[in-house]
Amino acid sequence: MEKPADSKQMIFDREDGYDAVVVGSGYGGSVAACRLSQAGVKVCLVEKGRKWEAKDFPTDSFQMMSATRMENQNLGVSFGPTDALFQVYEQNDSLAAAACGLGGGSLVNAGVMLPTPIRARRNSKWPKEWERDWDSCQASAAAMLRIQSVPIQFPVAKVMEEIGVGELEGIVRDSLKLSMNFDLEDSPSRLPKHQVLDTCIACGNCLSGCPYNAKNSTDKNYLAGCTIKTECEVQCIIKNPFESGQDGEIGGRRWFVYLNEIDYIKADSVVLSAGVFGTTAILFKSQMRGLKLSEALGSGFSGNGNTVAYLAGSSGPLNAYGLDRKKLPKIPIRARPGPSISSSYSSSLGFTIQSAVLPTAYPYILFKGILTFGWPTGYWFFHGVIDKLKHLIGSKSSQAMVLLAMGHEKSDGKISFEKETDKICFNPPHDPLLPRKFEAFQRITKKLGGILFMSKYRSTSVHLLGGCNASSDFSNGVCSPKGQVFDPEAPGLVHQGLYVCDASIIPCSVGVNPCLTIATAAEHVSKHIVKDILKYKSQNCTDFVSKVVDQNPYKETQDNLKSKETSYVSAKETMRGYVGGMPCTASLIMKINLQNQNNCDVLNRFTRKSYTPMKGKVGGYVVFRAVEKDKLHIIDGEVDMFEVDCRTPYAQYMHYRLLLAASSGSRYVLEGKKIMNPCPFALYSWSETTTLYVTFKRVAGEGEGLNLKGELKISMIELLKSLFSLEGNGKGRFINLFASNLLRTYILQIPHQSNKEYLTDSSGDSSYPASTFHEIKTEDGCIISCMQWNFDRSRWKLKEEKQPVLLLNGHSTESFFLPTEPNDLIRTLLAEGHEVWLLQSRLHVSNPSNNFTIEDIGRYDIPPVIDKICEFHGSSIKVHVVAHCVGGLSIHIALLGGHISPTRIASLCCTNSSMFFKLTTLATVKMWLPLVPISMALLGENKILPMLDTSKASLRHRLLISIARWLPRSERCTCDE
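Residues numbered from 1 in each chain as written. Predicted model: local features only at pLDDT ≥ 70, side-chain atom pairs only at ≥ 80, totals over all residues. Heavy atoms only, no water.

Asker: What is the right way to read the overall build of the chain from this model?
Answerer: What the chain contains, in helices and strands, is 21 helices and 41 strands. Relative to its full complement of 977 residues, the chain shows a buried share of 56%. If you take every contact in the chain between residues at least 6 apart in sequence, the share linking residues at least 24 apart comes to 72%. Accessible area for the chain stands at about 42100 Å²; split by element, carbon and sulfur atoms hold 54% of it. (Helix = DSSP H or I, 4+ residues; strand = E, 2+ residues; numbered from the N terminus. Buried < 20%, exposed > 50% of the residue type's maximum accessible area, 1.4 Å probe, protein only. Contact = heavy atoms within 4.5 Å. Areas by Shrake-Rupley, 256 points an atom, 1.4 Å probe, with all protein chains shown as cover.)

Structure (structure tokens):
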């Protein structure tokens, strides 16, 4: 029979975190978030960009420039806000663009929804598993996006038809549908007010974001019913390093989603949908922190065969310039530019040509000689300047349009990651159809007249695909057709709870606008994600109520990281030195939380015995080439800027604890202290406050043991940099507290707390660890009991579970279970990672008295307790035994009498045998003492229990530990206190 001994059981907080975190809100992430929310899953969607309202989109070139971020890998420069709406990447002879905002690419694309071509679905790389329900998933996506046909033939589409583009060899016109609202009537009244769409007024500004709320972007249909965090860029994901149970049933949420070097969100499942570059970068960064991924990561990158050209100076009535608000009332709707793309033609060679309208916000001059070259050759640059002047004065002789091409290519591009700069690099795929696309552009130019400005880049892509390709084989892809990320260390298996659901899983070029294809693949993957998460929740008994959710619940909560900030200060610190005689550098980012306490007067601040805690989190990395060639990233770190020890009330400590992860998968712990002792005239204050004494250890179970010691120091220059790097709303208070503590330690030399006050506070702050009570019936029918404490699964113990320890009490007393002691042996063993069992034998005061002998304890009481431990850990487990007084005699009787096998004992430590002499005669002593060597022989080469840090034990147990540590091995079994 088992029952809890304490009502406060060791139950981990499942409310802290989410069932699923979705990263990104484009055509992949929005679908996953929607389907998970409808299934009743607790979802949090994290988006790097901000929420854009219709009025926020850029409407002129200056606003466009402020909404663009440019990263030029050729020059090594970047400019523009990191969360800009437009993200442009230039590298070598390639240009790629992506969108950033709540809604992803759907905010600024043309909304073209074309079904996936049969040619793409028959590609050898295309997962066959997708074909089973592809059509139904495509229909579901089309319904959610509310795609519609263009009701009017606008000028560009009309001109393209008149010049006979569809009559060119092998080219046919496509039936085009857009995710726009062309309804003349109002949107359905069942939609909430903030999601009702207005009717498209054909302004032609779709590619810079619809300023009239007529586009069905994903934030207006799929994103509903989940928590949304905007302006939060996910850096990496890490498996919960503190999780101990299989599949996470004990250790809490399975994944940590890091928003920066310090802050993270906990989740049982993570869905990566940050776009091709975003998702790939997150996985690369996670790989640098020990996550094992397929070698195919970054391979199979595709630009969807994108090519862009600009036709200017045409005499045809194209009207392909976007209109601002002043011009709209003057032009009838049929003469307006229309949506950005209103005509599409496909070639039998495998590419698609589309005409497009250039929004008013785009800087036209870039398309006329800056990023392009002209055809026919000649004075095309001056023609571009003249054409720009004509456009500025409103001359109708200046007609222009954009020509887009996309098609099937090799999909053999490569995305890589620069470790030093944390930047994505890419090489575009080979496009054998590029010359044919230029030929098609030139034919159209000949028919319309004017100058054709073609991109100077070999690849100009706005439809990025691949990089985390879906495949049935982990050697050819990063994830399965269900979106599950492969674990290469276990072929055929996946990382449980980790998925990819966006354009990066598309394994080949599509040949047309891929929006509907991405949404369709996301619908397929989301079905399996929902099944997996609900199965996991049911197996782990998490709170879940199956319910039918309205298909349009439209309940969303939005916030960002900044809105949650309290009083804090962040700083950077770089220390260098030698650990184990080898060079080591620690680059730290610290975030110190400051309690919101009222400032008291200066006198009280220096004279009061209490002090203001200055604890915080630490991120960053450690460079230790002698151990790992790559950076050791801090995945969890703590710092206490002014730690107080009850035994040294005049001294203060700066305590650092860092959990490090290497790309090899190994984990390390770096722990260090800066020790500040009072000294005359503060002579040693500089060296003490700038020197960190560290120990560097490898986490148990991660390879050969490693235990190095050394010193890290911060130089004067680095210290000044740290001071200038201070950020946050508590900078002044931090400097004030820091200076006050230094003054108190070195000048005033005032103690912080007495031992009595410290112990009283400590005992009141933490309750005794919860235990499980077991009643056991012995072979002779007696009822005994034992208490079980699960080991401390704190962040610093990780998954390291040591062998259990059985404690045997002395005569009529509790030798180990001492709740009044701040650190008794049970607490200390738990903190060191041991599971603890305490036998309450028939000798214990809690059990009814009866006639028995000490031999009965060794014969009947100890064996069933050992068997009980084996029930929990398996028959092969070995148990450490620490016995006091009569307990020591009992365990010897059990061993020498053959009641338990010596092979089940890992080590044995007996203390205080003075009671032994009081309870037995001298003859009995003479009989037992010669058997001590026999007892040791039976134990063989089993190791003695490693003793622990004496600073954590009471005086009584410090003596016990010291004796067990220093006495010879042969005497540890029968040592006298």
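That was the structure; now back to the text.
Asker: What is the right way to read the sheet that holds strand 28 (residues 568-579) from this model?
Answerer: In a beta sheet, neighbouring strands pair by backbone hydrogen bonds and run either parallel or antiparallel. With respect to topology, eight strands assemble into a closed barrel ordered 28-29-30-31-32-33-34-35, the strand pairing being antiparallel. Neighbour-to-neighbour, the strand axes of this sheet turn through a mean angle of 30°, independent of strand direction. (Pairing = 2+ DSSP bridges. Axes fitted to C-alpha atoms, helices over the stretch in contact; angles between N-to-C directions.)

Asker: Explain the nonpolar core here, please?
Answerer: Among soluble globular proteins, nonpolar side chains are generally buried collectively. Ranked by size, the top nonpolar core spans 129 residues in total, and within it Val21, Leu36, Val270, Leu272, Phe277 and Ile505 carry the most contacts. If one sorts the elements of this core by residue count, helix 9 (residues 515-539) sits on top with 10 residues. Apart from residues lying up to four places away in sequence, Leu36 is in contact with Ala20, Val22, Val41, Val43, Val271, Ile529, Val530 and Ile533. Judged by nonpolar contacts, the second largest core, of 39 residues, contains Met614, Val639, Met654 and Ala662. (Core = buried A, V, L, I, M, F, W, Y, C linked by side-chain atoms within 4.5 Å.)

Asker: What exactly am I supposed to notice about the packing of aromatic side chains here?
Answerer: A ring pair, where both rings are aromatic, is described by two values, the distance of the centres and the angle of the planes. Per the stated rule, a full pass over the model turns up 19 aromatic pairs. Ring geometry for Trp126 versus Trp134: centroids 5.1 Å apart, planes at 75°, classification edge-to-face. The same class applies to Trp126 as to Trp134, namely buried. By way of ring pairs, the aromatic residues Tyr89, Phe277, Phe301 and Phe426 are connected into one cluster. Across the ring face of Tyr264, the terminal group of Lys617 is positioned such that the distance to the ring centre comes to 5.8 Å. The lysine or arginine in question, Lys631, covers the ring of Tyr621, its NZ or CZ lying 4.2 Å from the ring centre. (Phe/Tyr/Trp six-rings, centres within 6.5 Å; stacked < 30°, edge-to-face > 60°. Lys NZ or Arg CZ within 6 Å of the ring centre and 35° of its normal.)

Asker: Got a minute to help me understand the pattern of salt bridges in this structure?
Answerer: Two side chains bearing opposite charge may form a pair once their charged atoms approach each other closely. If you walk through the whole model with that rule in mind, you get 30 salt bridges. The partner of Arg458 in a salt bridge is Asp93, with the nearest N and O atoms 2.9 Å apart. On the criterion of sequence distance, the pair formed by Arg458 in the loop between strand 23 (451-455) and strand 24 (459-461) and Asp93 in the loop between strand 6 (86-91) and strand 7 (94-99) is long-range, its members being 365 residues apart. Look at Asp93 and you get partly exposed, because its relative accessible area is 32%. Through salt bridges with shared partners, one network takes in Glu638, Glu643, Arg657, Glu671 and Lys673. (Salt bridge = Lys/Arg side-chain N within 4 Å of Asp/Glu carboxyl O.)

Asker: What is the right way to look at the pairing of strand 39 (residues 836-840) in this model?
Answerer: Among the five residues that make up strand 39, five are buried, leaving the element largely enclosed by the rest of the structure. The two faces of strand 39 match: Val836, Leu838 and Gln840 on one face and Trp837 and Leu839 on the other face are all buried. As paired elements, strand 37 (residues 783-789) and strand 39 share five bridges and run antiparallel to each other. Residue Trp789 lies in a different strand from strand 39, and its bridge partner there is Val836. Bridging between strand 38 (residues 805-808) and strand 39 involves four bridges; their strand directions are parallel. Paired with Val805 across the two strands is Val836, which belongs to strand 39.

Asker: Explain the sheet that holds strand 22 (residues 423-427) to me, please; I cannot follow it from the model alone.
Answerer: Strand order across the open sheet formed by three strands is 15-21-22, with antiparallel pairing between neighbours. Either end of the sheet is taken by a strand with one partner, and the two such strands are strand 15 (299-301) and strand 22. Across the sheet, the mean angle separating the axes of adjacent strands is 45° when strand polarity is ignored. Two strands pair when backbone bridges link them, and strand 15 and strand 21 (residues 413-418) are joined in this way by two bridges, in the antiparallel orientation.

Asker: How should I be thinking about the packing of helix 1 (residues 29-38) against helix 9 in this particular structure?
Answerer: To characterise two packed helices, one gives the angle between the axes of the helices and the distance between these axes. Orientation of helix 1 relative to helix 9, taken along the N-to-C sense of each, is 35°, at an axis distance of 9 Å. Here the hand of the crossing between helix 1 and helix 9 comes out right-handed. Residues Val31, Ala32, Arg35 and Leu36 of helix 1 pack against Ala519, Ala522, Glu523, Ser526, Ile529, Val530 and Ile533 of helix 9. Tallied by class, the residues present in the contact of helix 1 with helix 9 amount to eight nonpolar, one polar and two charged. (Left-handed = near helix turned anticlockwise from the far one by under 90°. Nonpolar A, V, L, I, M, F, W, Y, C, P; charged D, E, K, R; others polar.)

Asker: Just to check I follow, could you spell out helix 5 (residues 155-162) for this structure?
Answerer: One turn of the α-helix equals 3.6 residues, which is why residues spaced by three or four share an orientation. Among all positions in helix 5, only Pro155, Val156, Ala157, Val159 and Met160 are buried. If you follow the buried residues of helix 5, they end up packed against strand 17 (341-347), strand 18 (351-356), strand 20 (399-407) and helix 8 (434-448). Immediately downstream of helix 5, the backbone of Gly164 shows phi near 75°, a positive value.

Asker: Hey, could you run me through the pairing of strand 28 in this one?
Answerer: For a regular strand, side-chain orientation follows a simple rule: the groups alternate between the two sheet faces. The element strand 28 is extensively covered by neighbouring structure, given that nine of its 12 residues are classed as buried. In terms of strand pairing, strand 28 meets strand 29 (residues 582-593) through 12 bridges, oriented antiparallel. When the bridges of strand 29 are listed, Thr574 appears paired with Ser587. Remark: two residues form the turn of the hairpin made by strand 28 and strand 29, two consecutive strands paired antiparallel; Gly580 in that turn has positive phi of roughly 65°.

Asker: It is not clear to me how helix 16 (residues 854-873) should be interpreted in this structure. Could you clarify?
Answerer: Compared with the 28 Å implied by 1.5 Å per residue over 20 residues, the 28 Å span of helix 16 between its first and last C-alpha is a close match. Approximately 30° is the largest bend angle found in helix 16, and it occurs at Asp861, with the proline Pro863 only one to four residues beyond. Just downstream of helix 16 lies Gly874, where phi reads positive at about 100°. (Expected span 1.5 Å × (residues − 1). Bend = angle between axes of the 7 residues up to and from the residue.)

Asker: Teacher, can you tell me more about a nonpolar patch on the surface here?
Answerer: Side chains of Trp686, Met716, Leu720, Leu723 and Phe724 sit close together on the surface and give an oily, nonpolar patch of about 580 Å² of accessible area. Top contributing element to the nonpolar patch by residue count: helix 12 (residues 716-724), with four residues. Along the chain, Trp686 turns up in helix 11 (residues 685-690). (Patch = residues over 30% accessible without salt bridge, like charges linked within 9 Å, V, L, I, M, F, W, Y side chains within 5 Å.)

Asker: Where do I start with the packing of helix 4 (residues 134-145) against helix 9 in this structure?
Answerer: Between helix 4 and helix 9, whose axes approach to 8 Å, the crossing angle comes to 115°. As the angle between them shows, helix 4 and helix 9 are arranged roughly perpendicular. Handedness of the helix 4/helix 9 crossing: right-handed. Across the interface between the two elements, Trp134, Ser136, Cys137, Gln138, Ser140, Ala141, Ala142 and Leu145 of helix 4 pack against Leu516, Thr517, Ala519, Thr520, Ala521, Glu523, His524 and Lys527 of helix 9. When the residues that make up the contact of helix 4 with helix 9 are grouped by side-chain class, the tally is eight nonpolar, six polar and two charged. (Parallel < 35°, antiparallel > 145°, perpendicular 65-115°, else oblique.)

Asker: What's the story with unusual backbone geometry in this structure? I'm lost.
Answerer: A negative phi angle characterises most non-glycine residues, just as the trans form characterises most peptide bonds. Look at Asn319: it is not a glycine, yet its phi comes out positive at around 50°. With respect to the helices and strands, the residue Asn319 is situated in the loop between strand 16 (307-314) and strand 17. Phi is positive for Cys885, which is not a glycine, with a value near 55°. Note on placement: Cys885 falls in the loop between strand 40 (879-884) and helix 17 (886-896).

Asker: Please clarify how the confidence of the model for the chain should be interpreted in this entry.
Answerer: Parts of the prediction with low pLDDT should not have their coordinates interpreted in detail. In the predicted model, the chain carries a mean pLDDT of 81, and 78% of its residues have values of at least 70. Here residues 244-250 is modelled with pLDDT under 50, and outside its nearest four sequence neighbours on either side it reaches 16 contacts, counting other chains as well. In this model, residues 913-977 is a region of pLDDT below 50 whose contacts with residues beyond four sequence positions or in other chains number 101 contacts. (pLDDT = per-residue confidence, 0-100.)

Asker: Please explain the environment of Asp502 as it appears in this structure.
Answerer: Mapped onto the elements, Asp502 comes out in the loop between strand 26 (494-500) and helix 9. When the C-alpha positions of Asp502 and Ile518 are compared, they lie 6.3 Å apart, and in sequence the two are 16 residues distant. If near-sequence neighbours (up to four positions away) are discounted, Asp502 is found in contact with Gly28, Leu272, Ser273, Ala274, Gly275, Val276, Thr279 and Ile518. Within the local environment of Asp502, its side chain forms a polar contact with the backbone nitrogen of Ala274, the two atoms lying 3.2 Å apart. At 2.9 Å, the side chain of Asp502 and the backbone nitrogen of Gly275 are in polar contact. (Polar contact = N/O pair within 3.5 Å; in protein donor to acceptor, adjacent residues only side chain to side chain.)

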